[in-house]
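This is what each chain is made of:
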Amino acid sequence: MYAGRPMLRREDAALLRGDARFSDDLGAGDGVPVEDLVHMVVVRSTVAHGRVRGIDASEALALPGTVAVVTGADLAGTIGPYPVSSRDGSAVADAPARVVATDTVRYVGEPVAAVLARSRAEAEDAAELVVVDYEPLDPVVTIDDARRAGSLLHEGVPGNVLVTWSRSRGDVEGAFRSAAVVARCRMQIPRLAAAPMEVRACVAAYDAGRDLLTLWASAQDPWRQSAHLAATLRRDEDSIRVVIPEVGGAFGSKGSLAPEYAIAAWCAIHHGRTVRWFEDRSENLIAAYQGRGMEADVELAVGAEGRFLALRASLAADLGAHLYPNTPNVAVTTCMLMTGCYDIEAVDVRLEGFATNKVPIGPYRGAGRPEAAFFVERVVDVAAARSGIDPVELRRRNLVASDAFPYDNGLGYVYDSGDYAGALDEACRLVDYEGVRAEQRAARESGRLVGVGIANYVERAAPGGWEVAEARLVAGGRVVLRVGSSAHGQGHETTFAQIAADALGVSPDDVEVRHGDSAEGPRGVGTFGSRSVTLGGSATLLACTELLARAGVVASSLARCELGDLDYRDGRWFPVGGTGDGVGLADVAAATLDAGEPIVAPARFDIEAPVFSFGTYGAVVEIDPETGRVDLRRVVAVDDAGVVVNPLLAEGQVVGSTVQGVGASLYEEVVHDADGQPLSGSFVSYGIPDAPGSAFELRTALRCTPSPRNPLGAKGIGEAGSIGVPPAVAGAVLDALAPFGVEHLDPPYSPERIWRLVRQDAGSAERP
Ligand code: MCN
């Protein structure tokens, strides 16, 4: 068996040698027509809310290098809005994102025009000379601004409410009336930027003779790019080819088509030139869709024995200027996970998603689940403090029991399988819970602030219903596997080859994995929501099983016997009990290729419902009361993703997502001023963890509770740390600050935020 082995990534050699090709590296050798290539720079709104009175491009056009300036007026009529769907019972207003602003701009950074020029430098110079005349409108910057509705972003969207969702089960009011303790917590999670190492980049070319648009793009998969291109450019998907080269990280932020890619594609078609675009870091931080940005008011009713009787939550999301295809889904996912890992009979959850004058929200690693885990785990910590029950003990008393699956959480999800108590116990052991508590008692006596936090999470993984794979037997008995999932750092080529090798009884080296070209292989769904192994891996298993069945029929005819008289081992069929060389996959390949009837086995795997990964995270911190600096000493990550195909890569996913979770906890926050101007447009003002900031001790463990919903028994793990870390670190920080009587503090836990809190409290303590 290759599944279960910690195999090294076959992808790494090219990356480490610098041979990998990213979107901005592509040239003639990659099939890009470069003879008539132009560079594009996007002119962006400098105001958060305003009317476009006019655009003067005359000076830009007068520069010798300028090829064209296109504005909303040029695009109007030939470019449409994004398709937006409502899911899981949400009500969604009619405010789809546009590719380019025409009359009104709704966020700083929104594209208003684009310049094409011979070189990037000339395009940048020309873009500076495009003069846009704005009539300023009142900006709606915060959720409170949106609620007040003094200024409306969209005609026909009263109260700036873009999305609503609600669901309840049981007697919530009665449970609160009979509660021994009620915990209430009001929380805010700031917007975050995905900040992938490679920013967004694309090349668009148009072959007028074949009416074929080709887009090479840094994106998570070709399928959503081509679907969104078809919708926005009003073209048939058959006349679009999307190729995804190597991608330097996406973390959810390259799922929907970037408006800039659509503009580049439009320019390629209408100007007959190959168009190259890439953004700089500031554009990425300002104009790529962002994540999180939610507020919550959560109450938990706790009975006399420490049992959770009911949870009531009112959530508000800062969705930004308009809706990308998956903007509504993120906040709805949060709502649907608001009971977390706990068995809570009565529940009531409501959501309002507001339009604000900021770049739209979309998925960012975790996409709705970090918000839910944070909101639930924080209110549980507050309940523990108010009821005087140890936070671990309170959690243990309320977990969904291992024999209660499938478990209906009352909010629209049915969890498939779990051993929540097992994960909690292991995390407590790894974090040395009792030892840290003892250290904390001693530390407090000498004025040191040590804290430990424990947080459970459950994660809806593998959404989207289905995925495809196609296995093809090629010369030499090798197998080419085309998968609908498209890796952008996860290591699918290694992992899927392991699954295929087991199904085919060959070595992973005999399997070549291909993905990322919409012109090749069956149409798939893509990579997001930690779905690829569960869905794409299962489709791979089905395709390879089918290939082997068809190859066996050919092998039996080559061996001139019944298939039942053959044994299959290591890529060869042998007569049962017989000796000799038998017939190999290579012989079958030769025979079928000679006959012009290659064996091609496509498969589609449909899943009845998503799978639910889970785990427990722990964190230990020490806070310097003089400076407010949080020293993150230890993080423990106990994750259960069912059957894991490659434990090395799965652990890599945990490490990466943990560091991102630490960023969300300690450093990261998109900030706007009162006019809606972004103040975090560079890595100077938007902090992400650096090497010293990632030097905490990390202890990981993978547990295995198989999912009954797919033949591999797998669940997703690609987002685990982003979900589990923030509530664990929050718990540890607030635990350290317990002597100051603080129940809750919003992230990020910057030195300034903590220093202010400690000082305030010290001040009040000194007052008579
Ligand atoms: N794996 C496994 N067994 C399982 C589950 C996962 O061995 N049961 C391993 C496999 O090696 C697989 C990897 O973990 O390649 C991730 O698999 P999975 O959990 O199925 O998630 P996806 O492949 O669908 O990846 C999506 C997920 C998401 S949603 C984000 S966001 C994310 C992430 O993956 N963005 C990433 N990881 C990233 N890693 C990199 N380097 N770059 C990103 O942009």
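Along every chain, residues carry numbers that run from 1 in the direction the sequence is written. Residue-level local features of this predicted model are given only where pLDDT is at least 70; pairs of side-chain atoms are given and counted only at 80 or more, and the full residue set underlies all totals for whole chains, interfaces and linings. The basis for every side-chain value is the complete set of heavy atoms in the structure, and neither hydrogens nor water enter the calculation.

Caption draft 1: Region of the structure containing the overall build of the protein. Strands are runs of DSSP state E lasting at least 2 residues, helices are runs of H or I lasting at least 4, and numbering of each runs from the N terminus. Check the secondary structure of the protein and you find 20 helices and 29 strands. Here the C-alpha atoms of the protein give a radius of gyration of 27 Å, agreeing with the 27 Å that 2.2 N^0.38 yields for 768 residues. Burial classes: relative accessible area under 20% of the type maximum marks a residue as buried, over 50% as exposed, and values in between as partly exposed (1.4 Å probe, protein chains only). Relative to its 768 residues, the protein shows a buried fraction of 60%. It only takes one pair of heavy atoms within 4.5 Å for two residues to be counted as in contact. Considering only contacts within the protein whose residues lie at least 6 apart along the sequence, 80% involve residues at least 24 apart. As used throughout, the charge tally considers Lys and Arg to be positive and Asp and Glu to be negative, leaving His and the chain termini uncounted. Here the site of a charge means atom NZ of a Lys, CZ of an Arg, CG of an Asp or CD of a Glu. Across the protein, the mean location of the 71 positive side-chain charges is 2 Å away from that of the 104 negative side-chain charges. Using C-alpha atoms as the atom set, the radius of gyration is obtained and then compared with a globule rule of 2.2 Å times the number of residues to the power 0.38.

Caption draft 2: View of the site of the ligand. We define proximity as follows: a residue is near a molecule or strand when any one of its heavy atoms falls within 4 Å of that partner. Around the ligand, 31 residues are found, and the nearest of them are Ala250, His492, Ser532, Gln653 and Ile717. A distance of 2.8 Å separates an oxygen atom of the ligand from a polar atom in the backbone of Phe251. Side-chain atoms alone can form a polar contact between residues adjacent in sequence; in general such a contact is a pair of N or O atoms within 3.5 Å, and within protein one must be able to donate a hydrogen while the other accepts it. Within the backbone of Val645, one N or O atom sits 3.1 Å away from a nitrogen atom of the ligand. Only the protein chains shown count as covering a residue, and every accessible area follows the Shrake-Rupley method with a 1.4 Å probe. Summarising the interface, the protein chains cover 95% of the accessible area of the ligand, which totals 830 Å² for the free molecule.

Caption draft 3: Up close: the domain arrangement of the protein. Once the domains are mapped, the protein shows domain 1 (12–137 + 197–249 + 254–287), domain 2 (291–462 + 609–762) and domain 3 (466–606). Each domain's limits were defined by an automated method or a database of domain assignments. Summarising the inter-unit geometry, the C-alpha centres of domain 2 and domain 3 are found 40 Å apart. Across the boundary between the two partners, domain 2 contributes 19 residues, which contact 17 residues of domain 3. Here domain 2 meets domain 3 over a buried area of about 1300 Å², counting both sides, of which 64% is carbon and sulfur. By convention, the term buried area covers the 1.4 Å-probe accessible surface removed from two parts as they join, with the contributions of both added. When residues of domain 2 are sorted by the area they lose upon contact with domain 3, Ala462, Val645 and Leu712 head the list and together hold 39% of the total. For the pair domain 2 and domain 3, the number of links is six residue pairs in polar contact (both at pLDDT 80 or more). Counting residues per element, the ones that place at least two in the side of domain 2 that touches domain 3 are strand S19 (449–461) and helix H18 (647–666). Class assignment for the residues of the side of domain 2 that touches domain 3 results in nine nonpolar, five polar and five charged. Residue polarity is assigned by list, with Asp, Glu, Lys and Arg as charged and Ala, Val, Leu, Ile, Met, Phe, Trp, Tyr, Cys and Pro as nonpolar; anything else, Gly included, falls into the polar class.

Caption draft 4: Broad picture of the layout of surface pockets. Here a cavity is any set of points on a 1 Å grid over the protein atoms alone where a 1.4 Å probe fits but cannot get out, and a pocket is any open set with protein on both sides within 12 Å along at least 5 of 7 lines; a residue lines the site when it has an atom within 4 Å of a point. Grid points are joined across faces, edges and corners, and a volume is the space filled by probe spheres set on the points. Each pocket or cavity is described by its volume, and for the second largest pocket that value is around 620 Å³. In terms of lining, the second largest pocket is formed by 27 residues, of which the most central are Arg21, Ile244, Pro245, Glu246 and Glu493. Where the lining of the second largest pocket is concerned, the elements lending two or more residues are helix H1 (12–17), strand S12 (240–243), helix H15 (492–504) and strand S22 (511–514). Split into classes, the residues belonging to the lining of the second largest pocket amount to 11 nonpolar, six polar and 10 charged.

Caption draft 5: Geometry of the nonpolar core. Counting 162 residues, the largest nonpolar core has Met338, Leu737 and Tyr749 as its most contacted members. Shared between two domains, this core takes at least three residues from each, and those domains are domain 1 (12–137 + 197–249 + 254–287) and domain 2 (291–462 + 609–762). When neighbours within four sequence positions are excluded, Tyr749 is seen to be in contact with Phe374, Val630, Ser665, Leu666, Val729, Ala730, Val733, Leu734 and Ile754. In terms of nonpolar packing, the next biggest core, distinct from the first, is built from 42 residues, Ile499, Ala501, Ala539 and Ala714 among them. Grouping buried Ala, Val, Leu, Ile, Met, Phe, Trp, Tyr and Cys residues that are joined through side-chain atoms within 4.5 Å yields what is termed a nonpolar core.

Caption draft 6: Structural detail: the side chain of Glu719. By the secondary structure assignment, Glu719 is in the loop between strand S29 (697–703) and helix H19 (720–736). Among the polar contacts listed, one links the side chain of Glu719 to the backbone nitrogen of Gly366, at a separation of 2.8 Å. When near neighbours in sequence (up to four residues on either side) are disregarded, Glu719 contacts Arg365, Gly366, Ala367, Arg369, Glu459, Gly529, Ser530 and Ser657.

Caption draft 7: View of the packing of aromatic side chains. When the centres of two rings from Phe, Tyr and Trp lie within 6.5 Å, Trp using its six-membered ring, the rings pair. Their planes under 30 degrees apart give stacked, over 60 give edge-to-face, and anything left gives tilted. Summed over all chains, the structure comprises 12 aromatic pairs. Pairwise contacts between aromatic rings join Tyr407, Tyr413, Tyr415 and Phe612 into one cluster. Charges are assigned to positions over rings by a cutoff of 6 Å between ring centre and Lys NZ or Arg CZ, combined with an angular limit of 35 degrees from the ring normal. Geometry around Phe278 places Arg120 over its ring, the cationic atom sitting 4.1 Å from the centre. Taking NZ or CZ as reference, Arg531 lies 4.9 Å from the ring centre of Phe528, over its face.

Caption draft 8: The arrangement of the sheet that holds strand S13 (residues 274–278) in detail. Across the sheet, seven strands lie side by side as S3-S6-S1-S13-S10-S11-S12; this open sheet has mixed pairing. The open sheet has two edge strands, strand S3 (66–71) and S12, and neither has a second partner. Sheet twist, expressed as the average angle between the axes of neighbouring strands with direction ignored, equals 20°. At least two bridges found by DSSP between two strands are what make those strands a pair. Bridge count between strand S1 (residues 37–44) and strand S6 (residues 111–117): six bridges; the pairing is antiparallel. As a rule, the C-alpha atoms of each element are fitted with a line to give its axis, helices using only the stretch in contact, and angles between N-to-C directions run from 0 to 180 degrees.

Caption draft 9: Quick look at the pairing of strand S21 (residues 478–483). With five of six residues buried, S21 is to be regarded as a mostly interior element. With six bridges joining them, strand S20 (residues 466–474) and S21 adopt antiparallel strand pairing. From the neighbouring strand, Ala471 faces S21, where its bridge partner is Leu481. Counted between consecutive antiparallel strands, the loop separating S20 from S21 contains three residues, among which Gly476 sits at a positive phi close to 85°. When S21 meets S22, the two strands line up parallel, connected through four bridges. Residue pairing across strands places Arg482 opposite Arg514, the latter belonging to S22.

Caption draft 10: Summary view of the sheet that holds strand S2 (residues 50–56). One open sheet accounts for three strands, arranged S5-S2-S7; its pairing is antiparallel. Strands with a single pairing partner mark the edges of an open sheet, and in this sheet they are strand S5 (104–105) and strand S7 (131–136). The sheet contact formed by S2 and S5 spans two bridges and is antiparallel. When the bridges of S5 are listed, Gly50 appears paired with Val105.

Caption draft 11: View of the environment of Tyr420. In this fold, Tyr420 is placed in helix H13 (residues 420–431). Residues Tyr420 and Ser685, spaced 265 residues apart in sequence, show a C-alpha to C-alpha distance of 39 Å.

Caption draft 12: Structural view of H18. Any helix carries an expected span of 1.5 Å times its number of residues minus one. Spanning 20 residues, H18 covers 28 Å between terminal C-alpha atoms, matching the ideal 28 Å at 1.5 Å per step. The backbone nitrogen of Leu648 has a side-chain oxygen 3.0 Å away, supplied by the residue at the start of H18, namely Asn646.

Caption draft 13: Main features of empty space enclosed by the protein. Tallied over the entire structure, the rule returns six cavities of 30 Å³ or more. Volume-wise, the largest cavity comes out at about 110 Å³. Forming the boundary of the largest cavity are Ile189, Pro190, Leu192, Arg292, Pro370, Phe374, Ala664, Ser665, Pro726 and Pro747. Those elements giving two or more residues to the lining of the largest cavity turn out to be strand S9 (181–192), helix H11 (369–387) and H18. It is S9 that provides the largest number of residues to the lining of the largest cavity, a total of three residues.

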